[in-house]
Amino acid sequence: MRLDRSGGVFCHVTSLPGRHGIGDLGDGAEAFLSFLGDADVRHWQICPLGPTMDAAGESPYQSPSAFAGNPLLIDLDGLVDDGWLDEGDLEPVPEFPADRVDYEAVREYKEPLLRAAFERFDEAGGGEGAGGAPPAFDAFREREPWLDDYALFRALSDARSEDTWTEWPEPLRTREPEALADARERHATEVRFREFLQWTFDRQWQELRAVADEEGVSIVGDVPIYVALDSADVWANPEAFRLDEENRPAAVAGVPPNAGDDGQRWGNPVYDWDRLAERDYDWWIARFRRLFELADVARLDHFLGFVKYWAIPADRDDPAAGEWHEGPGRDLFEAVERELGQAPFIAEDLGFEEPAMDDLMAEFGFPGMRVPQYADWCAEGDEYQPMHYPEGVVGYTSTHDTDTWVGYFEDLPERQRDCFRYNVGADGGRPTEWEIIDEVWASEAVLAMTTVQDLLGLGSEARFNEPGTLGGNWEWRVRREALDDEIADRLWELAGRHVR
């Protein structure tokens, strides 16, 4: 599916302004969309929307579900509007940090309020009087086939918080029908609570998408190719993964050693692509279908894994013990087109040279990515310099996994800085972050993307994530007053000048 020449801004929902300690789906998100509309920005890119866990460092890329939404993003004021909370229930609001998310404090404040809202919902029959839930709640439960297993998984996980599901008793681990039926009965209230949270998240997200439509903004979602081991996805769909007879991983994902590094062992279970092919890729079709209920465009993380993937025996810690296996390639995306039509995907192809990957992207028209922080500014024709971007790519000033542009530029050797200034014709008349934003917007890339941190000229202290580390990531937030008319006007002017 061909994308139009346009621009976008990355800002994950957790980074939005709001008074309850974390960006949510309420007024702060609407204000951000209004800013994008005023700036003539056509795309808002986010990280995956799934629940996050303290044990995984709050990474949205290690979620217990590839389908569910994060309850911490639910707007509490929206629950007051629904009548399931009172204004007084929200008081006193703790003095949360304004510039970062304190996840522990947010959970301590929000989770009891979410349970209180559910109790009123349940006691009132879902607001429809005694005798049953509102039709929309039941319709959501029927429409989303993943919900039943997800809600049970979270209920069981809460009851056995010290264990991952691979350590559960065998009847639950291997999903024996009688054990599952008994668990659903024993945990019926908790299961319903988890269903209520997902229904509430979905309603609020769809309302926010309607605001985005009014502002002319499309949402770019994100698809991590692998899912977390301790997830409802693996537990409920063992046939989609390479597991042993006890439903534990037989092989896990990673990347092999290269010159200068030892490789990486990610630990996510790899897919059983042969079995998925026999089932017409049903799990992936369901995953993409859910994704496009939440987003308009999707970035496919680690696109190489659809062409070939590095599988490491689960009982080996050394990434070098793995070997390459062939991925599904065009077969998967042909199945997606048959079921969903031409899906608007962006392929994350950074760091790998693989002709088969390039051919697959070209066949289906998936643009790749270019990030100028990977450029050698003194090398003529470097593919990461924006003046050399082809049309079929998405150009980024920074990403959620890189340093901010200012942080990157401050660490550049002086010769590289001089070459950058020469290449872009910088005369010191404007900040370096606006030099690179202008260059990316001026490039041939079909989409030009920047981050809120780069718009504000922030340094490494505002970095969102540093891969390979756990502490301090995914916390940065923007204050509402920071996104002012001056920045919107500058982006609006760039969009007009560069026909975006």
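About the criteria used
- Residues numbered from 1 in each chain as written.
- Predicted model: local features only at pLDDT ≥ 70, side-chain atom pairs only at ≥ 80, totals over all residues.
- Heavy atoms only, no water.
- UniProt positions renumbered as here; feature names shortened; annotations may be inferred.
- Pairing = 2+ DSSP bridges.
- Helix = DSSP H or I, 4+ residues; strand = E, 2+ residues; numbered from the N terminus.
- Axes fitted to C-alpha atoms, helices over the stretch in contact; angles between N-to-C directions.
- Contact = heavy atoms within 4.5 Å.
- Buried < 20%, exposed > 50% of the residue type's maximum accessible area, 1.4 Å probe, protein only.
- Patch = residues over 30% accessible without salt bridge, like charges linked within 9 Å, V, L, I, M, F, W, Y side chains within 5 Å.
- Areas by Shrake-Rupley, 256 points an atom, 1.4 Å probe, with all protein chains shown as cover.
- Salt bridge = Lys/Arg side-chain N within 4 Å of Asp/Glu carboxyl O.
- Lys, Arg positive; Asp, Glu negative; His and termini not counted.
- Charge placed at Lys NZ, Arg CZ, Asp CG, Glu CD.

As annotated in an unreviewed UniProt entry, the protein chain carries the name 4-alpha-glucanotransferase and is attributed to Halorubrum salipaludis. According to UniProt, the comment filed for the protein chain under the heading Catalytic activity (unreviewed entry) is "Transfers a segment of a (1->4)-alpha-D-glucan to a new position in an acceptor, which may be glucose or a (1->4)-alpha-D-glucan."

Colleague: Tell me about the sheet that holds strand β11 (residues 393-396), and please be specific about residues and values.
Modeller: Reading across from one edge, β9-β6-β3-β2-β1-β12-β11-β10 is the order of the eight strands in this open sheet, with parallel pairing throughout. In this open sheet, the two edge strands, each paired with only one partner strand, are β9 (345-347) and β10 (368-370). Across this sheet, the average inter-strand angle for adjacent strands is 25°, counted without regard to direction. Relative to strand β12 (residues 447-451), strand β1 (residues 6-10) is paired through five bridges, and the arrangement is parallel. In the sheet register, Gly8 faces β12, and the bridge partner there is Met449. Along the sheet, helix α11 (residues 282-294) contacts β3 (218-223), β6 (297-300) and β9; its crossing angle with β3, the most-contacted strand, is approximately 150°.

Colleague: Kindly report on the environment of Glu433, identifying the contributing residues and their values.
Modeller: As for its placement among the helices and strands, Glu433 is situated in helix α16 (residues 432-442). Exposure remark for Glu433: the relative accessible area of 10% places this residue in the buried category. Here the alpha-carbon distance between Glu433 and Ala39, two residues 394 residues apart in the chain, equals 17 Å.

Colleague: If you had to explain a negative patch on the surface to someone new, which residues and values would you point to?
Modeller: Judged by side-chain charge, Asp27, Glu30, Asp81, Glu87, Glu207, Asp213 and Glu214 come together as a negatively charged surface patch. Those elements giving two or more residues to the negative patch turn out to be α1 (27-38) and α8 (188-215). It is α8 that contributes the most residues to the negative patch, three residues altogether. Mapped onto the secondary structure, Asp213 falls in helix α8. With relative accessibility at 54%, the residue Asp213 sits in the exposed group.

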